[in-house]
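Now for the letters of each chain:
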Amino acid sequence: GNEIHETTDWPGTNLQGVDCNACRSWVLRDNRIHDIRAVSPSGTCVQFKSASRDTVIERNVIYGCSTLGISVGGFGSPMAWGLPPDRCENLNAVVRNNVIYRCGDAAISLVGACDARVAHNTLWGNGFTPDVRRFARALVLENNVLDRALNARDGTAADVTQRGTVVLSNPTQSEPFVGENGKRAIEWLIDRGVPPTLSVPTDFEGDPRPRGAGYDVGADER
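Just so we're clear, the structure is a prediction, and the values are computed from it rather than from any experiment. (Residues numbered from 1 in each chain as written. Predicted model: local features only at pLDDT ≥ 70, side-chain atom pairs only at ≥ 80, totals over all residues. Heavy atoms only, no water.)

1. A short note on the nonpolar core
Quick reminder of the rule: Remark: nonpolar core denotes a set of buried residues (Ala, Val, Leu, Ile, Met, Phe, Trp, Tyr, Cys) joined through side-chain atoms within 4.5 Å. Under the scheme applied here, a residue whose accessible area is under 20% of the maximum for its type counts as buried, over 50% as exposed, and between as partly exposed, the area being computed with a 1.4 Å probe on protein chains only. A run of H or I in DSSP counts as a helix once it spans at least four residues, and a run of E counts as a strand once it spans at least two, with each numbered from the N terminus. Any two residues having at least one pair of non-hydrogen atoms within 4.5 Å are treated as being in contact.
Counting 32 residues, the largest nonpolar core has Val46, Ile70 and Leu110 as its most contacted members. Elements supplying a minimum of two residues to this core: β2 (15-21), β5 (43-49), β9 (70-73), β13 (108-114), β16 (131-137) and β17 (139-142). Non-local contacts of Ile70, meaning those with residues more than four positions away in its chain, are made with Val46, Ile57, Ile62, Val95, Asn98, Ile100, Ala107, Ile108 and Ser109.

Laid out in structure tokens, this is it:
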């Protein structure tokens with residue numbers, strides 16, 4: 001229930017709204033995190049790395065950061081935080097029901113992430129593809145609206161399963177959200193999802209999921 005933001009561009013090269021190293025069982029829920037911007041530019045809204053595990057990031061509105069919206073993992077150092085070396089920068093993360101838009105790089109970046117579940121997020125108008133980087137093991141993405149197709153960045157060998165994904169025809173495509181004369185374009189997202197392997201019993205607004213014949217794609221259930 002917090003609002004986390006910057007009011008002017010940070011003069012340094014390393015800035016995060018929420019940054020957690022070697023963290024266990026943290027929950028980041030119902031926040032508005034925005035305009036984390038560094039002059040370099042290097043401003044990430046949310047980052048959990050350095051062998052963090054069991055992270056839950058849900059029902060957040062994230063926008064306007066100069067680089068990443070959510071970084072699951074990163075280029076951290078578990079040893080700096082008293083942990084043994086580990087290829088998994090983040091283990092068992094859950095990222096669900098978030099709305100992320102107008103960040104300069106990727107809305108969601110999975111960097112050295114293992115066994116993560118990313119479900120029912122809505123990405124719109126970000127500057128680069130959602131991606132996996134460095135190392136990826138047993139990632140599952142379900143029922144997300146992606147502003148671009150998922151990218152195995154920097155030649156990463158990606159172990160990823162995607163189900164029920166809708167990729168916008170361009171990053172700022174509006175038709176899936178608002179149809180003609182302000183009416184919702186039901187055929188785009190309503191009942192287009194699949195039963196998720198990750199439990200997502202409610203949507204971004206707390207409404208029960210599913211409602212109707214099936215699961216809607218993205219953070220909002222009709």
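2. Quick notes on the environment of Val111
Assignment of secondary structure puts Val111 in strand β13. Of the residues examined, Val111 reaches a relative accessible area of 2% and is grouped as buried. C-alpha separation for the pair Val111 and Phe48, spaced 63 residues apart in sequence, amounts to 9.9 Å. Look past the residues within four positions of Val111 in its chain and what remains in contact with it is Ser71, Val72, Gly73, Gly74, Phe75, Glu89, Arg133, Arg134 and Phe135.

3. A closer look at the pairing of β9
Convention followed: Paired strands, as defined in this entry, are two strands with at least two bridges between them according to DSSP.
Looking at chain direction, β5 and β9 are connected through three bridges and run parallel. Along β9, the bridge assignment pairs Phe48 with Val72. Pairing analysis gives four bridges linking β9 to β13, with the strands arranged parallel. Residue pairing in the sheet places Ser71 in a bridge with Ser109 of β13.

4. With respect to the pattern of salt bridges
Put simply, the rule is: Salt-bridge detection follows one rule: a side-chain nitrogen of Lys or Arg within 4 Å of a carboxyl oxygen of Asp or Glu.
Using the criterion set out here, one finds 14 salt bridges in the structure. The partner of Asp191 in a salt bridge is Arg222, and the shortest N-O contact between them spans 3.3 Å. Remark: Arg222 occurs in the segment after α1 (186-189) and Asp191 occurs in the segment after α1; sequence separation between them is 31 residues. Connected via shared salt-bridge partners are Arg29, Glu58 and Arg96.

5. Some thoughts on the packing of aromatic side chains
Stated precisely, the cut-off is as follows: Stacked, tilted and edge-to-face are the three classes applied to pairs of Phe, Tyr and Trp rings, where Trp contributes its six-membered ring and a pair requires centres within 6.5 Å; stacked means planes under 30 degrees apart, edge-to-face means over 60, and tilted covers the rest. Definition used: whenever NZ (Lys) or CZ (Arg) falls within 6 Å of the ring centre and also within 35 degrees of the ring normal, the charge is taken to sit over that ring.
Under the criterion given, the structure shown has two aromatic pairs. Ring geometry for Trp26 versus Phe48: centroids 6.2 Å apart, planes at 65°, classification edge-to-face. Here Trp26, found in the loop between β2 and β3 (27-29), pairs with Phe48, found in strand β5; they are 22 residues apart in sequence, far enough to count as distant. You can call Trp26 partly exposed: its relative accessible area is 44%. On the accessibility criterion, Phe48 (0% relative accessible area) is buried. Ring centres 5.0 Å apart and planes at 10° place the aromatic pair Tyr63 and Tyr101 in the stacked group. Pair noted here: Tyr63 is in strand β8 (residues 61-63) and Tyr101 is in strand β12 (residues 99-101), with a separation of 38 residues, a long-range link. Looking at Arg87, its charged tip hangs above the ring of Phe135, at a distance of 3.7 Å from the centre.

6. Digging into the environment of Ala51
Along the chain, the position of Ala51 falls in the loop between β5 and β6 (52-53). Residues Ala51 and Pro84, spaced 33 residues apart in sequence, show a C-alpha to C-alpha distance of 8.9 Å. Each residue touching Ala51, except ones within four places of it in the same chain, is listed here: Ala22, Arg24, Pro78, Leu83, Asp86, Cys88 and Glu89.

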